[in-house]
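Chain by chain, the residues:
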Amino acid sequence: AQSVTQLGSHVSVSEGALVLLRCNYSSSVPPYLFWYVQYPNQGLQLLLKYTSAATLVKGINGFEAEFKKSETSFHLTKPSAHMSDAAEYFCAVSRNTGGFKTIFGAGTRLFVKA
Amino acid sequence: DGGITQSPKYLFRKEGQNVTLSCEQNLNHDAMYWYRQDPGQGLRLIYYSQIVNDFQKGDIAEGYSVSREKKESFPLTVTSAQKNPTAFYLCASSPSHRGETEAFFGQGTRLTVV
């Protein structure tokens with residue numbers, strides 16, 4: 001069975017500070033991993049995805065994530081937060097075997113303080 | 001512009017009524033999905049369709065129905081059997097049903113029972 005755990009429903013950082021949003025997954029087979037961003041009252045937009053190529057994945061808006069199999073983690077980082085980064089972020093895991101199933105985490109809301 | 005259009009953006013339903021949420025895509029994607037979003041619970045899959053005239057139940061299909069008569073359209077009906085329909089509904093599509101392909105989301109419909 002697959003599952004996704006996002007540590008921290010809310011994260012607050014100062015503008016210019018490091019952003020770190022945590023995601024741990026469980027999957028019995030090699031997973032595909034995604035980070036999406038959602039602005040208020042809008043749909044989700046893909047930030048980046050891991051599909052078994054490079055373990056360090058770069059995405060849009062300066063975000064990146066590193067796949068660590070030993071830690072079953074796929075944490076999202078950005079070196080310097082901007083006010084426009086304030087949004088909700090979702091980690092998701094999927095696989096091809098055993099039929100389609102994408103599981104979304106509960107989300108982490110990022111607040112950026114001036 | 002290619003994308004996914006959901007309508008209406010806001011919808012109010014009286015108890016006992018059926019309502020239909022529209023989802024149209026012009027991305028020529030084969031797969032389409034309906035998710036329900038509640039605060040703190042992430043996204044939960046209601047129904048998905050891999051191809052025209054075929055659809056499958058997701059995790060929370062009870063009280064909902066769908067159709068896929070055209071490739072570009074995947075309407076969702078929230079029936080009176082759905083006891084707690086107030087939520088944010090998201091439609092998505094992807095080029096295929098394979099796990100490594102990301103989903104493209106519409107802007108969502110917020111349904112409120114009055």
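The rules behind each value
Residues numbered from 1 in each chain as written. Chains lettered and ligands numbered in written order. Predicted model: local features only at pLDDT ≥ 70, side-chain atom pairs only at ≥ 80, totals over all residues. Heavy atoms only, no water. Helix = DSSP H or I, 4+ residues; strand = E, 2+ residues; numbered from the N terminus. Rg over C-alpha atoms; globule rule 2.2 N^0.38 Å. Buried < 20%, exposed > 50% of the residue type's maximum accessible area, 1.4 Å probe, protein only. Areas by Shrake-Rupley, 256 points an atom, 1.4 Å probe, with all protein chains shown as cover. Core = buried A, V, L, I, M, F, W, Y, C linked by side-chain atoms within 4.5 Å. Contact = heavy atoms within 4.5 Å. Disulfide = S-S within 2.5 Å. Pairing = 2+ DSSP bridges. Axes fitted to C-alpha atoms, helices over the stretch in contact; angles between N-to-C directions. Buried area = accessible area lost by both parts, 1.4 Å probe. Salt bridge = Lys/Arg side-chain N within 4 Å of Asp/Glu carboxyl O. Polar contact = N/O pair within 3.5 Å; in protein donor to acceptor, adjacent residues only side chain to side chain.

## Remarks on the overall build of chain B
Logical step 1: Helix and strand content of chain B: 0 helices and 11 strands.
Logical step 2: In chain B, the order of α-helices and β-strands from amino to carboxyl end is β-β-β-β-β-β-β-β-β-β-β.
Logical step 3: Relative to the compact-globule value of 13 Å for 114 residues, chain B shows a C-alpha radius of gyration of 13 Å, a close match.
Logical step 4: Per-residue burial for chain B yields a buried fraction of 48% across its 114 residues.

## What to know about the overall build of chain A
Logical step 1: Summing up its helical and strand segments, chain A has 0 helices and 11 strands in all.
Logical step 2: Shown N-terminal to C-terminal, the secondary structure of chain A runs as helices and strands in the order β-β-β-β-β-β-β-β-β-β-β.
Logical step 3: Computed over its C-alpha atoms, the radius of gyration of chain A comes to 14 Å, within 12% of the 13 Å expected for a compact globule of 114 residues.
Logical step 4: Overall, the C-alpha framework of chain A stretches about 45 × 30 × 20 Å when taken along its three principal axes.
Logical step 5: The buried share of chain A, taken over its 114 residues, is 45%.
Logical step 6: Element-wise, carbon and sulfur atoms account for 54% of the exposed surface of chain A, whose accessible area totals about 5,300 Å².

## Quick look at the nonpolar core
Logical step 1: Counting residues in hydrophobic clusters, the biggest one holds 27 residues, and the most contacted among them are Trp35, Leu48, Phe74, Leu76 and Tyr89 of chain A.
Logical step 2: Residue assignment for this core shows that the elements contributing at least two residues are strand S2 (10-14), strand S3 (19-26), strand S4 (32-38), strand S5 (44-50), strand S7 (64-68), strand S8 (73-78), strand S9 (87-94) and strand S11 (108-113) of chain A.
Logical step 3: If we skip the residues at most four places from it in the chain, Leu48 of chain A touches Leu33, Phe34, Trp35, Val57, Lys58, Gly59, Phe63, Glu64, Ala65, Phe74 and Leu76 of chain A.
Logical step 4: Within the second largest apolar cluster, 20 residues are counted, among which are Leu11, Val19, Trp34 and Val66 of chain B.

## Quick notes on the state of the cysteines
All names here are of chain A.
Logical step 1: Inspection of the entire model under this criterion finds 2 disulfides over all chains.
Logical step 2: Two residues share a disulfide in this structure: Cys23 and Cys91, whose sulfurs sit 2.0 Å from each other. Here the S-S torsion is close to -65°, and the disulfide linking Cys23 with Cys91 is therefore left-handed. On the criterion of sequence distance, the pair formed by Cys23 in strand S3 and Cys91 in strand S9 is long-range, its members being 68 residues apart.
Logical step 3: Overall, Cys23 belongs to the buried group, its relative accessible area being 0%.

## Considerations on the sheet that holds strand S7 (residues 64-66) of chain B
All names here are of chain B.
Logical step 1: With respect to topology, 4 strands assemble into an open sheet ordered S1-S3-S8-S7, the strand pairing being antiparallel. Of all the strands in the sheet, just strand S1 (4-7) and S7 have a single pairing partner and so form its edges. Across the sheet, the mean angle from the axis of one strand to that of its neighbour is 20°, orientation sign disregarded.

## Some points on the interface of chain A and chain B
Interface size, as often reported, equals the accessible area lost upon joining of the parts.
Logical step 1: In this complex, chain A contributes 21 residues to the contact, which on the side of chain B involves 25 residues.
Logical step 2: Of the roughly 1,800 Å² buried at the junction of chain A and chain B (both faces included), carbon and sulfur atoms supply 51%.
Logical step 3: Between the two partners, chain A and chain B, sit 1 salt bridge.
Logical step 4: Seen at the junction of chain A and chain B, the total is 8 residue pairs in polar contact (both at pLDDT 80 or more).
Logical step 5: Residue assignment for the side of chain A that touches chain B shows that the elements contributing at least two residues are S4, S5 and S9 of chain A.

## Digging into the environment of Tyr35 of chain B
Logical step 1: With respect to the helices and strands, the residue Tyr35 of chain B is situated in strand S4 (residues 31-37).
Logical step 2: We classify Tyr35 of chain B as buried; its relative accessible area is 2%.
Logical step 3: Taking C-alpha positions, Tyr35 of chain B is 18 Å from Lys71 of chain B, a pair spaced 36 residues apart along the chain.
Logical step 4: Beyond its immediate chain neighbours, meaning those up to four positions away, Tyr35 of chain B contacts Thr102 and Phe104 of chain A together with Leu43, Arg44, Leu45, Ile46, Phe88, Tyr89, Leu90, Ala92 and Phe105 of chain B.

## Section: the sheet that holds strand S6 (residues 56-58) of chain A
Residues and elements named next belong to chain A.
Logical step 1: As summarised here, the arrangement of the 5 strands in space is S1-S3-S8-S7-S6, forming an open sheet in which the pairing is antiparallel. The sheet is open, and its two borders are formed by strand S1 (3-7) and S6, each paired with just one other strand. Averaged over all pairs of adjacent strands, the angle between their axes in this sheet comes to 20°, without regard to strand direction.
Logical step 2: Where S3 lies against S8, 4 bridges are found, and the strand directions are antiparallel. Paired with Asn24 across the two strands is Ser73, which belongs to S8.

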